[in-house]
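Chain by chain, the residues run as shown.
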Amino acid sequence: MESFAVFVPRLVPQKDYLAPGHRACIGCGEALALRLVMKALGRNVIVSNATGCMEIISSPFPTTSWRVPWIHTLFENAAAVASGIEAAQKIMNEKGSRTNMAKVVAMGGDGATLDIGIQALSGAWERGHDMLYVCFDNEAYMNTGIQRSSGTPFGAATTTSPAGKVSIGQSTWKKNMPSIAVAHDIPYVATACPSYPFDLMEKVNKAVATKGPSYLHVLSPCPTGWRHGGDLSVKMGRLAVETGVFPLYEVVNGKYKLTVDFPKLRPVTDYLTPQGRFRHLPKDEVERIQKGVIREYEKLKKKVEA
Amino acid sequence: MNKTAMTGMEGSLAMAEAVRLANVDVVAAYPITPQTHIVERLAEMVANGELNAAYIPVESEHSAMSACLGSSAAGARTFTATAGQGLELMHEVLYVASGLRLPIVMGVANRALSCPLSVWGDHSDVMSVRDTGWIQIFAENGQQAFDLTLCGFRIGENEKVLFPVMVHIDGFHVSHVVEPLYLLEQKQVDSFLPPFKHPFPLDPDNPVTVGAFAVPILYTEARKSMENALRSTRPFISYVFDEFAKLSGRQYKPVEHYRTEDADTLLLTMGSYSEIAMEAVDQLRDCGEKVGLIRIRLWRPFPFGELRQAVENCQTLVVLDRCISPAGPPGPVCSEVKAALYSQKKRPNVAGFIGGLGGRDLYVPEFIQMVERGRVIAAQGGEEIEMIGVRG
């Protein structure tokens, strides 16, 4: 890692647009992901942020972590607010009352994106606004205290899908949001993870360079909700990818491509065991998850090969 | 004075025409009866190149108002329109528009609320958004829909104001009725309405954080400052009404009077039923009754002073509400009026009636009945809810 540090400053923009001093938990994978996204985006950007962890850690009045224009209004409407910004900027530019054309980026967590905000996001995609939407997916409503969302993986214990005598925790499989994005025929969709910073930033660059809507789904390890050590966040992200639980791929104009691939996937136990949210799982359920991961990965491979 | 000839036009289209003359930048809207004609007309104007604006056909009213937040925060002149359930779906977003001081103008074609489903007019939707912090103005006819929409942009966008504005038109009774009215020329509107300049738009050259959260030691102060700011818009609103009168010859006031001189009994209405109430007043005056009419034009900020002054010399005040406050005080307007008068040494007896729900028409005889019954109820200090024009 020491030699890596020599090259990083040359490969990554040094300027941060998410200032340090925010109030994220120790080891927050989402704050790391956001910081990398903002680095890649640069200064000429307007951010519309849904209510959630990243909003609440960065904007307690009268302080702010944001060095770019940023607006937060409600939970489910970040995409709709961004639609308004994008349309306003375009028409004002045409009418000559505003010259600057900033990139418009909306962002929210898995709850804001997969659950409560999916209608507003679907509407924005269908209308074809030139904007990037980033979902920082930490797989539950972490900001309100680890309640399950439709992004929570099968078997995970949360405060509203607790493991109990007659429950294995979350009883449903994670909603496949990237494929919902692809179904909207938008030109750029990708998955990413802050454990792969260069892959993440490259995808941000590609997404904003794309005309029309683009979607980035970022798995963001959450030590508080996943119940692992704060020093393991980057490792958890890598294990999610290496086990095939969260493959990294992009879909450019409908064409799937794996951006990180392995000759052989690691067993899911490598990923599940360090996390307290899966600790209760009996062997047969772990086996079920393993089968599910392989099945989904094979499906994805077929799309890549198609 | 405007010399243009009168034009026959539907109330909704008159409002759309005002929006066109205001050279609006962004319209984000979702269809709902009886508001649809406003945004259909705007979409048509954009499609024909008569209006250079972005029309965002959003997937819900929640997103309509949300897109308006983004548009207005980016510094664009922004309009939307809705009604009934649509206003309800926008509900939480409305507070954000006023809290962030974004001068969106919204036409509301007032409609009843489910259930039972009713697309027809009453004020149930308005009353549910009473405390959202918007400036709210009532129009009674197509002419006023046109005039007050223009006033709405001028009022809301002023740097001393910066509040969103609702212009209420009664569903169908104003939105769908064709009336003769005077329009204004583009150059007249341009002289009245300067371009919108947001003081802190979302702009990378001057980054601002909009919509930070407030902890308990700050929230109360934030709300107080917003409340003070909304109250202090009153003089400017009257100033704009006066400026508009210079331009058009049509003078609006926060509380308007009709034949109130020497009246012992006053009717009080908001919205289109005022015109029927005027007919009733005329008939009663012809019979020698000393009856007049008060119309609340400016619902928020509430015109306390003007209202108290308007009713100080009458004995009986009869208030019509087009909304029920179920198992509560008799009608939101009536209870607000009573609250406004409670501190007054000299105040009239007040009787409240509820009628005109879900598009039910009220005619002159009902208003005459309200005056007669109202005198009796008010003298008894009655608190009972009395409904007018209802069976059973």
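Residues numbered from 1 in each chain as written. Chains lettered and ligands numbered in written order. Predicted model: local features only at pLDDT ≥ 70, side-chain atom pairs only at ≥ 80, totals over all residues. Heavy atoms only, no water.

**Looking at the overall build of chain A**
Along the backbone of chain A there are 12 helices and 10 strands. Relative to its length of 306 residues, chain A is compact, with a C-alpha radius of gyration of 19 Å against a globular reference of 19 Å. Counting only C-alpha atoms, chain A reaches 65 × 50 × 45 Å along its principal axes. When burial is assessed residue by residue, chain A has 58% of its 306 residues classed as buried. Carbon together with sulfur atoms contributes 58% to the accessible area of chain A, which is approximately 12,600 Å² in total. (Helix = DSSP H or I, 4+ residues; strand = E, 2+ residues; numbered from the N terminus. Rg over C-alpha atoms; globule rule 2.2 N^0.38 Å. Buried < 20%, exposed > 50% of the residue type's maximum accessible area, 1.4 Å probe, protein only. Areas by Shrake-Rupley, 256 points an atom, 1.4 Å probe, with all protein chains shown as cover.)

**Section: the overall build of chain B**
Each helix and strand in chain B was counted, giving 14 helices and 16 strands. Its C-alpha atoms give chain B a radius of gyration of 21 Å, near enough to 21 Å, the size a compact globule of 392 residues would have. By its C-alpha atoms, chain B is 65 × 55 × 45 Å across when sized along the principal axes. Sorting the 392 residues of chain B into buried and exposed places 59% on the buried side. Across chain B, every contact between residues at least 6 apart in sequence was considered, and the portion connecting residues at least 24 apart equals 82%. Per element, the accessible surface of chain B, about 15,000 Å² overall, is 53% carbon and sulfur. (Contact = heavy atoms within 4.5 Å.)

**Things to note about the pattern of salt bridges**
As a working rule, side chains carrying opposite charge can pair if their charged atoms are close by. Within the structure shown, the criterion is met by 40 salt bridges over all chains. For the salt bridge of arginine 130 of chain B with glutamate 336 of chain B, the shortest nitrogen-to-oxygen distance reads 2.9 Å. Of this pair, arginine 130 of chain B sits in the loop between α6 (124–128) and β6 (135–139) while glutamate 336 of chain B is found in helix α13 (residues 332–341), placing the two residues 206 residues apart along the sequence. Relative accessible area serves as the criterion here: at 26%, arginine 130 of chain B is assigned to the partly exposed category. With relative accessibility at 14%, the residue glutamate 336 of chain B sits in the buried group. Sharing partners across several salt bridges, the network here consists of Asp137, Glu139, Lys174 and Arg277 of chain A. (Salt bridge = Lys/Arg side-chain N within 4 Å of Asp/Glu carboxyl O.)

**A look at the pairing of strand β3 (residues 103–109) of chain A**
Residues and elements named next belong to chain A. Buried residues dominate β3, accounting for 6 of its 7 residues. One ladder, built from 5 bridges, connects strand β1 (residues 45–49) with β3; its direction is parallel. Directly across from serine 48, in β3, lies its bridge partner alanine 106. Pairing between β3 and strand β4 (residues 132–137): 5 bridges, direction parallel. Following the sheet pairing, glycine 109 is matched in β4 by phenylalanine 136. (Pairing = 2+ DSSP bridges.)

**Comments concerning unusual backbone geometry**
Between phenylalanine 61 of chain A and the following residue, proline 62 of chain A, the backbone shows a cis peptide bond with an omega angle of 10°. One can find proline 62 of chain A in the loop between α3 (53–58) and β2 (70–72). Omega for the peptide link from arginine 300 of chain B to proline 301 of chain B comes to -5°, which places this bond in the cis form. When you line up the elements, proline 301 of chain B lands in the loop between β13 (298–300) and α12 (304–311). You will see that arginine 227 of chain A, though not glycine, has its phi angle at about 60°, which is positive. Even without a glycine there, the phi angle at phenylalanine 172 of chain B is positive, about 70°. Residue position: phenylalanine 172 of chain B is located in the loop between β7 (165–170) and β8 (178–181). Phenylalanine 172 of chain B sits in the partly exposed class, given a relative accessible area of 23%.

**Overview of the packing of helix α1 (residues 11–21) of chain B against helix α7 (residues 142–157) of chain B**
All names here are of chain B. Here α1 crosses α7 at 30°, and the two axes come no closer than 8 Å. One finds that α1 runs roughly parallel with respect to α7. Between α1 and α7 the crossing geometry is right-handed. Of the residues in α7, those touching α1 at Gly11, Ala14, Met15, Glu17, Ala18, Val19 and Leu21 are Gly142, Ala145, Phe146, Thr149, Leu150 and Phe153. Along the lines of polarity and charge, the residues of the contact of α1 with α7 split into 9 nonpolar, 3 polar and 1 charged. (Axes fitted to C-alpha atoms, helices over the stretch in contact; angles between N-to-C directions. Parallel < 35°, antiparallel > 145°, perpendicular 65-115°, else oblique. Left-handed = near helix turned anticlockwise from the far one by under 90°. Nonpolar A, V, L, I, M, F, W, Y, C, P; charged D, E, K, R; others polar.)

**Comments concerning the packing of aromatic side chains**
The tally for this structure, following the rule as stated, stands at 15 aromatic pairs over all chains. A centroid spacing of 4.4 Å and a plane angle of 10° characterise the contact between phenylalanine 154 of chain A and tryptophan 173 of chain A, whose relative ring orientation is stacked. One end of the pair, phenylalanine 154 of chain A, is in the loop between β4 and β5 (163–164); the other, tryptophan 173 of chain A, is in the loop between β6 (167–168) and α7 (177–183), and 19 residues separate them in sequence. Every member of this aromatic cluster is reached through a ring pair, and the members are Phe192, Phe241, Phe244 and Tyr252 of chain B. If you follow lysine 15 of chain A out to its NZ or CZ, it ends over the ring of tyrosine 17 of chain A, 5.8 Å from the centre. (Phe/Tyr/Trp six-rings, centres within 6.5 Å; stacked < 30°, edge-to-face > 60°. Lys NZ or Arg CZ within 6 Å of the ring centre and 35° of its normal.)

**Digging into the sheet that holds strand β7 (residues 188–192) of chain A**
In space, the 9 strands of this open sheet follow the order β10(A)-β9(A)-β7(A)-β8(A)-β4(A)-β3(A)-β1(A)-β2(A)-β9(B), with mixed pairing throughout. The sheet is open, and its two edges are formed by β10 (255–258) of chain A together with β9 (209–210) of chain B, each paired on a single side. Sitting on the sheet, helix α4 (residues 78–95) of chain A is in contact with β1, β2, β3 and β4 of chain A, with an inclination near 175° to β3 of chain A.

**Description of the state of the cysteines**
According to the stated counting rule, one finds 0 disulfides over all chains in the structure shown. Cysteine 193 of chain A takes part in no disulfide bond, and the closest cysteine sulfur, belonging to cysteine 28 of chain A, lies 12 Å away. (Disulfide = S-S within 2.5 Å.)

**Description of the nonpolar core**
Residues Tyr215 of chain A together with Met65, Leu94 and Met106 of chain B are the most contacted members of the largest nonpolar core, which totals 66 residues. Here the element with the most residues in this core is α4 of chain A; it accounts for 9 residues. By size, the runner-up hydrophobic cluster in this structure holds 59 residues, among which are Ile146, Met201, Val204 and Leu219 of chain A. (Core = buried A, V, L, I, M, F, W, Y, C linked by side-chain atoms within 4.5 Å.)

**Details of the sheet that holds β7 of chain B**
Residues and elements named next belong to chain B. One open sheet holds the 7 strands; their spatial order is β3-β2-β4-β5-β7-β6-β13, and the pairing between them is mixed. Both edges of this open sheet fall to β3 (54–57) and β13, since each of them pairs with a single strand only. Each neighbouring strand pair of the sheet contributes to a mean axis angle of 20°, computed without reference to strand direction. As judged from the 6 bridges shared by strand β5 (residues 105–110) and β7, these two strands associate in the parallel manner. Note on β7: the bridge partner recorded for alanine 109 is isoleucine 169.

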